[in-house]
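Architecture and fold: a report
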Amino acid sequence: MSETWNNRTKLVHGGTRRSQYNEVSEAIFLTQGFVYESAEQAEARFIETGPDEFIYGRYGNPTVAMFEDRIALLEGAEDAFATASGMAAVSGALTSILKAGDHVVSAKALFGSCLYILENVLTRYGVEVTFVDGTDLDQWRAAMRPDTKSVFFESMSNPTLEVIDITAVAAIAHEVGATVVVDNVFSTPVFSKAIAQGADVVVYSATKHIDGQGRVLGGVVLGTKDYIRGTLEPYMKHTGGSLSPFNAWTLLKGLETIDLRVKAQAKTALQIAEALQGHAGLERTIYPGLKDHAQHALVQDQLDGCGGTVLSLDLKGGKEAAFRFLNALTIPVISNNLGDAKSIATHPATTTHQRLPEDQKVELGITSGLVRFSVGLEDSDDLIADLSQALATAQG
Ligand SMILES: *Cc1c(COP(=O)(O)O)cnc(C)c1O
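Residues numbered from 1 in each chain as written. Predicted model: local features only at pLDDT ≥ 70, side-chain atom pairs only at ≥ 80, totals over all residues. Heavy atoms only, no water.

Some details on the overall build of the protein
- Assigned secondary structure in the protein consists of 14 helices and twelve strands.
- Once the C-alpha set of the protein is aligned to its principal axes, its extents read approximately 75 × 50 × 35 Å.
- Here the protein holds 396 residues, and the buried ones make up 56% of them.
- For the protein, the proportion of contacts with a sequence separation of at least 24, taken over those separated by at least 6, is 74%.
- When the accessible area of the protein is evaluated, it comes to approximately 16,400 Å², of which 52% is carbon and sulfur surface.
- Side chains of the protein carry 32 positive and 48 negative charges; the gap between the two charge centres is 3 Å. (Helix = DSSP H or I, 4+ residues; strand = E, 2+ residues; numbered from the N terminus. Buried < 20%, exposed > 50% of the residue type's maximum accessible area, 1.4 Å probe, protein only. Contact = heavy atoms within 4.5 Å. Areas by Shrake-Rupley, 256 points an atom, 1.4 Å probe, with all protein chains shown as cover. Lys, Arg positive; Asp, Glu negative; His and termini not counted. Charge placed at Lys NZ, Arg CZ, Asp CG, Glu CD.)

Written as structure tokens, this is what we have:
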């Protein structure tokens, strides 16, 4: 029955498990393990673990299971496995399906840690990785090989907000039988339906919009029951990247309000982008919801016309102007999370993407004047006024 609910109902009631006390708010089962009533019961549970039976925290936990079931319901996935962080989700999703000799095709515009996994970790274990411009379908086609086991991309890239066509890339990848793994953080589970569009595996850093208030680290991998329980779970439960029950509870509470939050944030993001577009102090205002965005048509299909909760501002005057701008902001904080209730401004070239060589930064459009702006829940007029005065200071 819950599959037929609309999102807001799924987000409040999906996956709920009540204890013998019938609590209203979900319980936190802050326990490492579970007691068996007999030796026979312990033996039986290790042979086959039922959906409401648990063995050890690293394998599963009732609070964690509530989070997994709720987000799977929202995403339209058969199942989900919750992880200690977004990076545990990305690395687990990839390493659980790859082995030495396999080939991977990946978009090159990636979050720094994702790039590290593909460039520095997988390659050490004999996996070959080809990087392509994710927005160029011809490059995806040309890179596919019979031994391509997986493709990986961020559906909306960080920090330049390119939108990648999930349906088209999945069709190309499936011709050679490759598993499509999509990092869907910037699209959010509210605006994206990546599984319906052809992704085989979807990963989120739950640290971002799912928590939404900057409290805990977490992640989740979604896919078919076969993949999640047959391939990923054995890998995750034995390598140790499971989510803590306390964090799972925080994220469950985050899911209750995510639809309201990200829609409000996206609405403000569009207002800011429209207000600042063409500003004399800016080279470019990048926001997928703007009509001049390179993938504007795709945004209509893939994200229901919503450009997300993050925009990027490329300031004239390089790093000096960007730093003057950041230091002049009075409401947003300078930090590197996103999806938070608090607006957050980041200078990718010197922080999240500092590690990249200069030519790679240029290739990815990470200029010295680029500021990533994660729109929070503050009043939009206050944010526009604050950004405008900071832009004036940056030019001064
Ligand atoms: C933050 C982020 C991650 C990593 O998530 P953590 O929870 O910080 O481990 C992965 N991919 C993208 C696109 C991100 O923004």
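Comments concerning the side chain of threonine 346
- Residue position: threonine 346 is located in strand S11 (residues 344-346).
- Assessed through its relative accessible area of 1%, threonine 346 is described here as buried.
- In this structure the side chain of threonine 346 is engaged in a polar contact, spanning 2.8 Å, whose partner is the backbone oxygen of serine 335. (Polar contact = N/O pair within 3.5 Å; in protein donor to acceptor, adjacent residues only side chain to side chain.)

Side note on the site of the ligand
- Lining the immediate environment of the ligand, one finds 13 residues, of which Gly86, Asp183, Ser205, Thr207 and Lys208 sit closest.
- Contacts to the ligand include glycine 86, whose backbone N or O atom sits 2.8 Å from an oxygen atom.
- In the environment of the ligand, an oxygen atom lies 2.7 Å from a nitrogen or oxygen atom belonging to the side chain of lysine 208.
- Starting from 380 Å² of accessible surface for the ligand in isolation, the protein chains cover 91%.
- Each residue belonging to the shell around the ligand can be placed in one class, and the counts come to five nonpolar, five polar and three charged. (Near = heavy atom within 4 Å. Nonpolar A, V, L, I, M, F, W, Y, C, P; charged D, E, K, R; others polar.)

Observations concerning the pattern of salt bridges
- Going through the model one piece at a time under the given rule, you end up with 21 salt bridges.
- Across the pair arginine 17 and aspartate 52 runs a salt bridge, and its minimum N-O distance is 2.7 Å. Of the two residues, arginine 17 is situated in the loop between helix H1 (7-13) and helix H2 (39-47) and aspartate 52 in the loop between H2 and helix H3 (62-75); the sequence distance between them amounts to 35 residues.
- Judged by its relative accessible area of 18%, arginine 17 is buried.
- Between lysine 361 and glutamate 358 there is a salt bridge, and its shortest N-O distance comes to 3.9 Å. Pair noted here: lysine 361 and glutamate 358 are both in helix H13 (residues 358-364), with a separation of three residues, about one helical turn.
- Residue class for lysine 361 comes out buried when judged on its relative accessible area of 7%.
- With relative accessibility at 54%, the residue glutamate 358 sits in the exposed group.
- Where salt bridges share partners, they join Glu68, Asp79, Lys225, Arg229, Glu233 and Lys237 into one cluster. (Salt bridge = Lys/Arg side-chain N within 4 Å of Asp/Glu carboxyl O.)

Here we look at the domain arrangement of the protein
- When the domains of the protein are assigned, the result is domain 1 (2-254) and domain 2 (259-395).
- On the domain 2 side, the residues contacting the 41 residues of domain 1 number 40 residues.
- Counting each side, the surface lost to burial between domain 1 and domain 2 is near 3,100 Å², with a carbon and sulfur contribution of 60%.
- The tally of links between domain 1 and domain 2 comes to one salt bridge.
- Ionic pairing is found between glutamate 363 and lysine 108, a salt bridge with its closest N-O pair at 2.6 Å. (Domains from an automatic or database assignment. Buried area = accessible area lost by both parts, 1.4 Å probe.)

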